[in-house]
Amino acid sequence: MTSIQHPKGKHARVLLASVFGPYAQEDEFGSRSINPMELYHNQVTRAQGVFSLRMFHRSWGIMMIQQNIANPSTVLDFPTREDFIREIRRNRYDIIGISSIIVNVGKVAEMCRLAREHSPGSTIIVGGHVSAIPGIEQMIDADFIVRGEGIAWMRSYLGQDAGAPIVHPEIVSGFDMRVMGFKIPNKMSDTAATIIPSVGCPMGCNFCTTSAFFGGKGKSVDFFETGDELFEIMSRMEEKLNVRSFFVMDENFLLNRPRAMRLLERMKEAGKSWAFYVFSSANAIRKYSMEELVQLGISWVWMGLESVKSSYAKLKDTDTVALTRELRQHGIKLLGSTIVGLEHHTPENIREEIEHAVEHDTDFHQFMLYTPVPGTPLYHQMRQEGRMLDDVDLADIHGQWKFNFKHAAISRDESKHFLDLAFWRDFERNGPSLYRICRTTLEGWRRYKNHQDQRVRERFQWEVRTLRRAYSGMLWAMERQLRDSNEAVSRRVRELRHELEREFSGFSKLATGVLGPMFLWMSKREQKRLEAGQTYEPQVFIERRNWGAAV
């Protein structure tokens, strides 16, 4: 928080902006084609070509701040440079807030310059992970740089109660989803709402930017501490957005068992068959039985799968291969996350470690380079040891390119080779993630379609809705696309398609015959587009709140 207050207080007009695009191409401000504004395609399915999952996610931080201040305000999300200039010239803003991650510091600097030029009376505030860069004050022309959680800071600066209860905005998790060249309609009932119970991660892995940014090991900032609070928020989201699934943006949601179990109690009382997509460590998952996870509605888990030779507490005494297999058998999809280039990795042992990661056969797998990002304990350690490479552009410190430090055994160029190898081996051995999530969902359906709890039956009936409809056609096209490049995976895809047709009979077979050729044609067309350099950009969002109160 800050003891300084803006003279206009709650009457100050506030602009909250993300950095300008385009994002998926090289430009003078630090954008990189290898680092698009697509989480899955960027870090998870990027080696899967036409089968890569493509979607965008809103800038949730500035949406949270806007919802929790009384001022007339605008959120400007994913603008072009021209959009930003137009907005600050047409509307007189007392405060211009810019949020960014580290790689986009060049765009932050340009937006500050533009704000000084076109809105010289505005106070410029910069927040987000970019604030962790050492010497950021000399790199950008801002009046305030806010580190850590921004809602309390902004409330305090605007003369409002920094400790007032948090009001959660209505956030749709993702938008503009594309699979195999087909754009999925933005239908609310098929989309998850985003819930943010807390920020930070108490596990405190040394490379984790989120943990470091919000206080470090053992600390987090809780917005909603009880299951009752979460239930009320989710009930409101269900009514307003017509959703029944929730992406819970909490770095280790299942670690707080009392909160999760109280949420389950409320769900049972109200007969809610919600589905949850959560982040969790392996040791937190082991606090629950499989029956409890299924009853709670855990449908998808993002879980760290660092090396068995690492010393991270979140993996202690856990056979992660057995755990991931067990979760899939209960219909729980897994996104495994593995770090490439840990301190003990060498060119001699890293292939074995990559194979171990791939052996998990998770539905998705994120691979990231061991990266000392400014602000993290790992960064401070590498700086003290003199191992940071000072000639690496900040725009390239995102874990998907090359090392930004001197590794004891692996060179910078080798780091990219091994990262690419990990993605390639996962795809080659386990096939497209679209195929894998279909397989896991079918396993869950078979196990629980006749469960004694109606809530559980209803959730799995909802989850197989796409399997009943379009998935057979998609698998048919996938099978043919892979026939020449990976015959073993193509055969497994065909076997799964036949299982779907046996399980869901009539319409599934019809989808194969009608939709299969369409998906094949669209995926081949998409493949040509990608080979020609086609990229995708998110749409621009302009959202005003309390605008009638502007003076």
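Below is a short write-up of the structure. Since the model is a prediction, treat every value here as computed from it, not as a measurement.

### Remarks on the overall build of the chain
Within the chain, the secondary structure is distributed over 20 helices and 17 strands. For the chain, whose C-alpha radius of gyration is 24 Å, the value lies close to the compact-globule estimate of 24 Å for 551 residues. If you line up the chain on its principal axes, its C-alpha atoms span 70 × 55 × 45 Å. Across the 551 residues that make up the chain, the buried fraction comes to 60%. Of the contacts formed within the chain by residues at least 6 apart in sequence, a portion of 75% connects residues at least 24 apart. For the chain, the exposed surface amounts to about 22100 Å²; the carbon and sulfur share of it is 50%. Charge separation in the chain, taken as the distance between the mean sites of 73 positive and 69 negative side-chain charges, equals 4 Å.

### As for the packing of helix H3 (residues 81-90) against helix H4 (residues 105-118)
Their axes nearest at 10 Å, the elements H3 and H4 cross at an angle of 30°. Taken together, the axis directions place H3 and H4 in an arrangement best described as roughly parallel. In the packing of H3 onto H4, the handedness of the crossing is right-handed. Each of Arg81, Phe84, Ile85, Ile88 and Arg89 in H3 lies in contact with H4, whose residues at this interface are Glu110, Met111, Arg113, Leu114, Ala115 and His118.

### Looking at the state of the cysteines
Taken as a whole, this structure holds zero disulfides when the rule is applied. Here cysteine 205 stays free of any disulfide, with the sulfur of cysteine 208 as its closest cysteine sulfur at 6.4 Å. By relative accessible area, cysteine 205 is classed as buried at 10%.

### Remarks on the sheet that holds strand E14 (residues 298-304)
The sheet built from six strands is open, its strands ordered E9-E12-E13-E14-E15-E16 with parallel pairing. The open sheet terminates on both sides in strands that have one partner only, identified here as strand E9 (193-195) and strand E16 (364-369). The mean angle between the axes of side-by-side strands here comes to 15°, regardless of whether they run parallel or antiparallel. Helix-sheet contacts for helix H8 (residues 227-241) involve E9, strand E12 (245-248) and strand E13 (275-279), and the interaxial angle to E9 is about 160°.

### Concerning the nonpolar core
Counting 107 residues, the largest nonpolar core has Leu254 and Phe276 as the members making the most contacts within it. Setting aside chain neighbours within four positions, we find leucine 254 in contact with Val278, Phe279, Ser280, Ala284, Ile285, Lys287, Tyr288, Leu293, Leu296 and Ile298. The next biggest cluster of nonpolar side chains, apart from the first, holds 35 residues, and it includes Val19, Ile98, Val105 and Ile124.

### Observations concerning the environment of proline 72
One can find proline 72 in the loop between helix H2 (60-67) and strand E3 (73-77). It is 8.9 Å that separates the C-alpha atoms of proline 72 and leucine 15, two residues lying 57 residues apart in sequence.

### What about the packing of aromatic side chains?
Applying the stated criterion across every chain yields a total of 30 aromatic pairs. Note on phenylalanine 182 and phenylalanine 519: the rings are 5.8 Å apart at their centroids and 75° apart in plane angle, and the pair reads as edge-to-face. With phenylalanine 182 in strand E8 (residues 182-183) and phenylalanine 519 in helix H20 (residues 487-531), this residue pair connects regions lying 337 residues apart in the sequence. Overall, the relative accessible area of 3% leaves phenylalanine 519 in the buried class. Every member of this aromatic cluster is reached through a ring pair, and the members are Trp60, Phe247, Tyr277, Phe279, Trp300 and Trp302. Sitting above the plane of the tyrosine 93 ring, arginine 13 keeps its charged end 5.8 Å from the centroid. The side chain of arginine 544 reaches across the aromatic face of tryptophan 547, ending 5.0 Å from its centre.

Criteria and cut-off values
- Residues numbered from 1 in each chain as written.
- Predicted model: local features only at pLDDT ≥ 70, side-chain atom pairs only at ≥ 80, totals over all residues.
- Heavy atoms only, no water.
- Helix = DSSP H or I, 4+ residues; strand = E, 2+ residues; numbered from the N terminus.
- Rg over C-alpha atoms; globule rule 2.2 N^0.38 Å.
- Buried < 20%, exposed > 50% of the residue type's maximum accessible area, 1.4 Å probe, protein only.
- Contact = heavy atoms within 4.5 Å.
- Areas by Shrake-Rupley, 256 points an atom, 1.4 Å probe, with all protein chains shown as cover.
- Lys, Arg positive; Asp, Glu negative; His and termini not counted.
- Charge placed at Lys NZ, Arg CZ, Asp CG, Glu CD.
- Axes fitted to C-alpha atoms, helices over the stretch in contact; angles between N-to-C directions.
- Parallel < 35°, antiparallel > 145°, perpendicular 65-115°, else oblique.
- Left-handed = near helix turned anticlockwise from the far one by under 90°.
- Disulfide = S-S within 2.5 Å.
- Pairing = 2+ DSSP bridges.
- Core = buried A, V, L, I, M, F, W, Y, C linked by side-chain atoms within 4.5 Å.
- Phe/Tyr/Trp six-rings, centres within 6.5 Å; stacked < 30°, edge-to-face > 60°.
- Lys NZ or Arg CZ within 6 Å of the ring centre and 35° of its normal.

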